[in-house]
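# Report on the structure
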Amino acid sequence: MNRVPSEILNEIAKRPMRSEAMRALFQMSEDEKAQHLAAEYQFLTQTAEVDGLAALAYQELGPLLAENEAISRYLVRSGRQELRSCLPEITSVKEALMYARAEWPLLEGKALRQLADLLAGV
């Protein structure tokens, strides 16, 4: 979610969303989001022992998967289709993994399985 300005995420959060946790993330300021993502990354890599690249990919793709409908509604209603490059439509774990492999070519093996497990819980 680092690729998307907070102003855009805040606008998406003004409309119906599936997850209150994602709404809270989308409503954060840049500083709050950075602190949240740093703490989440630390938890994932140190406590949950998730590979660092898998943790980063999860932080980017998890919200896209969890709120794909809210994101798509916002893009259609606002006419801001140019944002699709930083807010790709991810509708399934399989799709997220294909995107992850293209975006992070070094993500493979155990790390890719960890990412799949994390995304399955979204």
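Residues numbered from 1 in each chain as written. Predicted model: local features only at pLDDT ≥ 70, side-chain atom pairs only at ≥ 80, totals over all residues. Heavy atoms only, no water.

## Thoughts on the overall build of the protein
What counts, and what does not: Helix numbering and strand numbering both begin at the N terminus, where a helix is a DSSP run of H or I of at least 4 residues and a strand a DSSP run of E of at least 2. When we talk radius of gyration, it's over C-alpha atoms, and the globule rule is simply 2.2 Å times the number of residues to the 0.38. The rule is simple: take the accessible area with a 1.4 Å probe, protein chains only, and divide by the maximum for that residue type; under 20% is buried, over 50% is exposed, in between is partly exposed. Note on definitions: a residue-residue contact is assigned when non-hydrogen atoms from the two residues lie within 4.5 Å. In this description, accessible areas are obtained by the Shrake-Rupley approach with a 1.4 Å probe, and a residue is regarded as covered only by the protein chains that are shown. Note on charges: Lys and Arg go in the positive column, Asp and Glu in the negative column, and His and the chain ends are not counted at all. Every charge is mapped to an atom, namely NZ of Lys, CZ of Arg, CG of Asp or CD of Glu.
Helix and strand content of the protein: seven helices and zero strands. Along its sequence from the N terminus, the protein presents helices and strands in the succession α-α-α-α-α-α-α. For a compact globule of 122 residues, the expected C-alpha radius of gyration is about 14 Å, and the protein comes in at 14 Å, within 12% of that figure. Referenced to the eigenvectors of the C-alpha coordinate spread, the extents of the protein come out at roughly 40 × 30 × 20 Å. For the protein, with 122 residues in total, the buried portion stands at 44%. In the protein, of all internal contacts separated by at least 6 residues, the share reaching a separation of at least 24 is 59%. When the accessible surface of the protein is totalled, it reaches about 6,700 Å², and 52% of it is carbon and sulfur. The averaged location of the 18 negative side-chain charges in the protein is 6 Å from the averaged location of its 14 positive side-chain charges.

## Here's the deal with the packing of helix H6 (residues 93–103) against helix H7 (residues 109–120)
Heads up, the rule is: Lines are fitted to the C-alpha atoms to define the axes, a helix being fitted only along its stretch in contact, and any angle between axes, read from their N-to-C directions, falls within 0 to 180 degrees. Two helices cross in a left-handed way if the nearer one is turned anticlockwise from the farther one by less than a right angle. They cross in a right-handed way if the turn is clockwise. Under the convention adopted here, Pro, Cys and the residues Ala, Val, Leu, Ile, Met, Phe, Trp and Tyr are nonpolar, Asp, Glu, Lys and Arg are charged, and Gly plus all remaining residues are polar.
Axis separation between H6 and H7 bottoms out at 10 Å; the angle between their running directions is 140°. Where H6 crosses over H7, the handedness of that crossing is right-handed. Here Val 93, Ala 96, Leu 97, Ala 100 and Arg 101 of H6 come into contact with H7, specifically with Leu 112, Leu 115, Ala 116, Leu 119 and Ala 120. For the contact of H6 with H7, the residue count by class is nine nonpolar, no polar and one charged.

## Considerations on unusual backbone geometry
As a rule of thumb, non-glycine residues mostly have phi less than zero, and peptide bonds are mostly trans rather than cis. If you check the backbone angles, Glu 49 has positive phi at about 55° while not being a glycine. Within the secondary structure, Glu 49 is located in the loop between helix H3 (30–47) and helix H4 (52–66).

## Remarks on the environment of Leu 44
By the element assignment, Leu 44 lies in helix H3. The sequence separation of Leu 44 and Arg 84 amounts to 40 residues, and the corresponding C-alpha distance is 28 Å. Non-local contacts of Leu 44, meaning those with residues more than four positions away in its chain, are made with Glu 49, Val 50, Ala 55, Tyr 58 and Leu 118.

## Some details on the side chain of Ser 72
Heads up, the condition is: Any N or O atom pair separated by 3.5 Å or less is treated as a polar contact, with the protein-specific requirement of one donor-capable and one acceptor-capable atom, and with residues adjacent in sequence counted only for side-chain atom pairs.
Its place among the elements puts Ser 72 in helix H5 (residues 68–78). What makes Ser 72 buried here is its relative accessible area of 15%. Among the polar contacts made by the side chain of Ser 72, one reaches the side chain of Arg 84 at a distance of 2.9 Å. Look past the residues within four positions of Ser 72 in its chain and what remains in contact with it is Arg 84 and Glu 89.

## Focus: the nonpolar core
Applicable threshold: To define a nonpolar core, start from buried Ala, Val, Leu, Ile, Met, Phe, Trp, Tyr and Cys residues and group those joined through side-chain atoms within 4.5 Å.
Judged by nonpolar contacts, the single largest core of 40 residues is most densely connected at Ile 12, Phe 26, Leu 87, Leu 107, Leu 115 and Leu 119. Looking at this core, the elements with two or more residues in it are helix H1 (6–13), helix H2 (20–26), H4, H5, H6 and H7. Counting residues per element, this core draws most heavily on H4, at eight residues. Dropping the residues within four chain positions of it, Leu 87 is found in contact with Met 1, Val 4, Ile 8, Ile 12, Leu 64, Ile 71 and Leu 75.

## Quick word on H4
Side chains of residues three or four places apart in an α-helix project in the same direction, reflecting 3.6 residues per turn. Keep this limit in mind: Expected span of a helix: the number of residues minus one, times 1.5 Å.
For H4, with 15 residues, the first-to-last C-alpha span of 21 Å sits near the 21 Å given by 1.5 Å per residue. Of all 15 residues in H4, 13 are buried, a share of seventy percent or more. The N-cap residue of H4 is Asp 51: its side-chain oxygen and the backbone nitrogen of Leu 53 are 2.9 Å apart.

## A closer look at the pattern of salt bridges
Side-chain pairing between opposite charges can occur once the charged atoms of the two side chains come close. Just so we agree on the cut-off: A carboxyl oxygen of Asp or Glu within 4 Å of a side-chain nitrogen of Lys or Arg is what we treat as a salt bridge.
Counted by the stated rule, this structure contains six salt bridges. The residue Glu 60 makes a salt bridge to Arg 3 at a minimum N-O spacing of 4.0 Å. With Glu 60 in helix H4 and Arg 3 in the segment before H1, this residue pair connects regions lying 57 residues apart in the sequence. With a relative accessible area of 9%, Glu 60 lands in the buried category. Through salt bridges with shared partners, a single ionic network connects Arg 3, Glu 60 and Glu 103.

Such coordinate-based values are descriptive only and should not be taken to indicate function.
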